[in-house]
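# Observations on chain architecture
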Amino acid sequence: MRRHEFYSGLVMEQGKSYKNGKGKAQAGQTSVRPNTDDLYEIGLSHSSEEASVMGVERRAEVTQLRLPLTTPKGGRDSGAETKSIPITKRMIWESYKKVRKNKGAAGIDDETIAMYEERLEDNLYILWNRMSSGSYFPPPVLEIEIAKDDGRKRKLGIPTVNDRVAQQVIKAYLQPRFEAEFSPQSYGYRPLKNAHQAVEQVRKNVRRYHWVIDMDISSFFDKMSHELLMKAIERHVEEKWAKMYITRWIEAPIEDRKGNIRLRNGEGTPQGGVISPLLANLFLHYAFDRWLEKTYPNLCFVRYADDIIVHCNSQAEAEEVLNSIRMRLGECSLQLNEKKTKIVYCKKDHRKDKFKSVQFDFLGFSFQPRPTSNANGEMFLGYDCAISRKSENKIAEEFRKSEFHRWTTSSIYRIADAFNPKIRGWINYYGKFRMHKLMRIFRFFHWRLIKWAVKRYGRFGDSMHKAGRWLRNLANSYPGLFVHWQYGFIGA
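Below or above, wherever it landed, is the structure these notes cover. Values in this document were obtained by computation on a predicted structure and should not be read as measured data.

Inspection of the secondary structure puts Val199 in helix 7 (residues 195–208). Considered as a pair, Val199 and Cys385 are 186 residues apart in the sequence and their alpha carbons are 8.5 Å apart. In contact with Val199, not counting residues within four places along its chain, are Phe362, Leu363, Phe365, Phe367, Cys385 and Phe433.

Structure (structure tokens):
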């Protein structure tokens, strides 16, 4: 494989096809503004004020250099070819790099990224040729099930590696224009936005608003209406070829490991597809974000994908807004999960109302009344977040399933190597707010580490006390052995 020819061809193409005669970037290469989101809106009437959003692309044909790639028949082709769809080889290449960086499992064809790269030039060339001519059709999406917290199963759809590259091409092409429309109050799967920012905004909002609606949309990714989604797409996308590919993806069949195939019947998008979060954000932008901002302009909300918190001033207002949300979602072919949706009172000092629910979880953190100190060290009852009990239990379950206390033939260095990457991730995420609340999970970890020491070293006999003292001495002498020891969780 002559990969250097692939690279050199990309450089040549970039110079010729990404700029017009005046040196300006072609359509589809809009820069992303510094702080933006990607969730979407449904059901609003089209207005003349939005005409500029819909007509931003040129429809002229684009002349592209063909890269001297190996063809499926073993020959080589060169020279220029006119394609009616402005998908360039550079777009394919950049999308492949993004997919490779994100990793991910194999789809229905069982082809991993490593296997895909064995014929990388051929695979990318064929994909470009088909996408730029309109002849690309996605294969079925592999459906797998993962356990949910309530014991039920969540269905995920995994596209093939090749299809993930194709989806990334269209996602990168459309995302800038969608981002220009999205609400600053949505945070999920958006450039320069993350879960910590969403949680921090909720922390700020609960200081101002006394009441919260903790929303849960039932099976959102499975129930999203294709008809309403395409209305939102039509509002912002003029290019027929882009709409064609989106339609093919949302209508792609679903296949499980047993070979059973089913169709989507006008609703749902794979929760696991590359383009699905962007489409989901666009849908909810119209179905919820924009509707709430217009209907209740004095209220705040925070949305991360389909996890939504609405802030209200009173219990009566919260009940009214919740009923309105329930009707609005019904208009958009969605419904609330009534068992998980609730109104919460943000109880703290100087808030004297009484209510049965004063706690809610959001993105792995639990918001509830907590002892807090002010700048002078004086204690008062605040309302803040820390790692949730549900998140603690998930981490503890990982320790249990690993059964590392039975790794009696392994050294403590192997245990550290196995868990340090995970511990670092937990501390970076859950330690963002009230890090000391991680003490409970590290106590659990140390308890199992002590059990491992008793089983491995005979000199401790059956004494957990002796093994515990040895572990604390080790932590003081070698604090860099485990990541959490470096943060002071030595005596956990």
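Burial runs high along strand 5 (residues 211–216): five of the six residues are buried. In the sheet, strand 5 pairs with strand 9 (residues 307–312) via six bridges, with the strands oriented antiparallel. Of the residues in strand 9, the one forming a bridge with Val212 is His311. For strand 5 and strand 10 (residues 342–345), the ladder comprises four bridges, and the chain directions are antiparallel. Bridging from a neighbouring strand, Val212 pairs with Val344 of strand 10.

The four strands are arranged 4-3-6-7 in an open sheet whose pairing can be described as mixed. The open sheet terminates on both sides in strands that have one partner only, identified here as strand 4 (153–158) and strand 7 (261–262). Across two bridges, strand 3 (residues 141–147) lies against strand 6 (residues 254–255) in parallel orientation. Paired with Val141 across the strands is Ile254, a residue of strand 6.

This brings us to unusual backbone geometry. We note that Leu192 has phi near 65 degrees; this positive angle belongs to a residue other than glycine. Relative to the assigned elements, Leu192 resides in the loop between helix 6 (161–179) and helix 7. Since its relative accessible area comes to 57%, Leu192 is described here as exposed.

On to the sheet that holds strand 13 (residues 379–387), then. Note: strands within a sheet are paired through backbone hydrogen bonds, in either parallel or antiparallel orientation. Across the sheet, which stays open at both edges, the three strands sit in the order 11-12-13 with antiparallel pairing between neighbours. A single partner strand is all that each edge strand has here, and the edge strands are strand 11 (360–362) and strand 13. Each neighbouring strand pair of the sheet contributes to a mean axis angle of 50 degrees, computed without reference to strand direction. Relative to strand 13, strand 12 (residues 365–373) runs antiparallel, the two sharing nine bridges. If you follow Ser373 over to strand 13, its bridge partner there is Met379.

Here we come to the packing of helix 13 (residues 389–402) against helix 15 (residues 439–456). It is the contact of helix 13 with helix 15, at a shortest axis distance of 10 Å, that shows an interaxial angle of 15 degrees. The orientation of helix 13 relative to helix 15 falls into the category roughly parallel. Relative to helix 15, the crossing made by helix 13 is right-handed. Where helix 13 abuts helix 15, its residues Arg389, Glu392, Asn393, Ile395, Ala396, Phe399 and Arg400 lie against Arg440, Ile441, Phe444, Phe445 and Arg448. Residue composition of the contact of helix 13 with helix 15, by class: six nonpolar, one polar and five charged.

For the rest of this paragraph, the subject is the pattern of salt bridges. For the structure on display, the rule yields 20 salt bridges. Between Glu239 and Arg177 there is a salt bridge whose closest N-O contact spans 3.0 Å. Placement of the pair is Glu239 in the loop between helix 9 (226–236) and helix 10 (240–250) and Arg177 in helix 6, with a sequence separation of 62 residues. We classify Glu239 as buried; its relative accessible area is 3%. Among the residues examined, Arg177 registers a relative accessible area of 9% and is labelled buried.

What counts, and at which threshold
- Residues numbered from 1 in each chain as written.
- Predicted model: local features only at pLDDT ≥ 70, side-chain atom pairs only at ≥ 80, totals over all residues.
- Heavy atoms only, no water.
- Helix = DSSP H or I, 4+ residues; strand = E, 2+ residues; numbered from the N terminus.
- Contact = heavy atoms within 4.5 Å.
- Buried < 20%, exposed > 50% of the residue type's maximum accessible area, 1.4 Å probe, protein only.
- Pairing = 2+ DSSP bridges.
- Axes fitted to C-alpha atoms, helices over the stretch in contact; angles between N-to-C directions.
- Parallel < 35°, antiparallel > 145°, perpendicular 65-115°, else oblique.
- Left-handed = near helix turned anticlockwise from the far one by under 90°.
- Nonpolar A, V, L, I, M, F, W, Y, C, P; charged D, E, K, R; others polar.
- Salt bridge = Lys/Arg side-chain N within 4 Å of Asp/Glu carboxyl O.

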